[in-house]
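If you want the building blocks of each chain, they are given just below.
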Amino acid sequence: MKKITLITTGIATGLVVVAIGTYLIAGNAQREEAGNQGVSNIKQLVHDFSTRKATAQSASITSSQLSVSEDATTTKTYDLPANEFFVSIAPYMEQTHPCATHSLTGCQGEMKDEEFNVTIHDSAGNSVMNKALVKSQSNGFIDLWLPRDKTYSVTVEHKGKTAKSQVSTFENDDTCITTMQLG
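Let me sum up the structure you'll find in this document. Since the model is a prediction, treat every value here as computed from it, not as a measurement.

**Regarding the environment of Thr74**
Structurally, the position occupied by Thr74 is in the loop between strand S2 (65–69) and strand S3 (75–79). Here Thr74 is in contact with Val68 and Ser69, once residues within four sequence places are set aside.

Right, here's the structure in full:
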């Protein structure tokens, strides 16, 4: 009788170990999936605020977080992707505003719904972006996600006029670029 009990206990212990292992593996897979989903969702959420598909009292974006205030007392923060940096550029001809931290609900650029050629090179001269006819949003900004911890040379062209600027994507760098006057 004792042998059967020991075998049963051994089997039960083995089943418990298998069950715990399965639970841990499944839990990790679900967390990884949720984490990946969260990264794409945060980018979509930023896009929705930029294009005014989502509304809030205020939404601003730093080098590491999106902060959304629905009212004067509640603010939600969302971490940005670890390997991508958000920057929003408002090329202009006549008017601009000083800005460092982009307000997705408040910043307004001069050139709404206009088409631009945008070229971006990293500090080694490698092309990161070379797109013709990038359209600014209704807020006059062009939103970009760039690799973090680098310095870039950005060129924006519009109807024969050009603006150039250096943009960097290190922790605490600006997310709102309003210094690119076309000339």
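Next comes the rest of the write-up.
**Let's talk about the sheet that holds strand S1 (residues 58–61)**
In space, the four strands of this open sheet follow the order S3-S2-S1-S5, with antiparallel pairing throughout. Lying at the two open borders of the sheet, with one neighbouring strand each, are S3 and strand S5 (102–103). Sheet topology places S1 next to S2; four bridges connect them, and they run antiparallel. Residue pairing for S2: Ile61 is matched across the bridge by Leu66.

**Some words on the nonpolar core**
If you look at the biggest cluster of nonpolar residues, it comprises 20 residues, and the most contacted ones within it are Val87, Phe116, Val118, Ile120, Leu144, Val154 and Met180. For this core, the secondary-structure elements that each account for two or more residues are strand S4 (84–89), strand S6 (115–122), strand S7 (127–135), strand S8 (142–147), strand S9 (151–158) and strand S10 (161–168). Excluding residues that lie within four positions of it along the chain, Leu144 makes contacts with Phe85, Phe86, Val87, Ile89, Ile120 and Met129. Ranked by size, the runner-up nonpolar core spans twelve residues in total, among them Ile42, Val46, Val68 and Leu80.

The rules behind these values
Numbering of residues begins from 1 in every chain and follows the order in which that chain's sequence is written. Local features in this predicted model are restricted to residues of pLDDT 70 or higher, and side-chain atom pairs are both shown and tallied only at a pLDDT of 80 or more, whereas totals for entire chains, interfaces and linings draw on every residue. Remark: hydrogens and water are excluded; side-chain values derive from all non-hydrogen atoms of the structure. Secondary structure follows DSSP: runs of H or I at least 4 residues long count as helices, runs of E at least 2 residues long count as strands, and numbering of each begins at the N terminus. When checking whether two residues touch, look at their non-hydrogen atoms; a contact exists if any pair is within 4.5 Å. When DSSP finds two or more bridges between a pair of strands, those strands are recorded as paired. For this analysis, a nonpolar core means a set of buried residues of the types Ala, Val, Leu, Ile, Met, Phe, Trp, Tyr and Cys, connected via side-chain atoms within 4.5 Å. Three labels apply to residues, based on accessible area from a 1.4 Å probe with only protein chains included: buried if under 20% of the type maximum, exposed if over 50%, partly exposed otherwise in between.

All we've got here are geometric facts, nothing functional implied.
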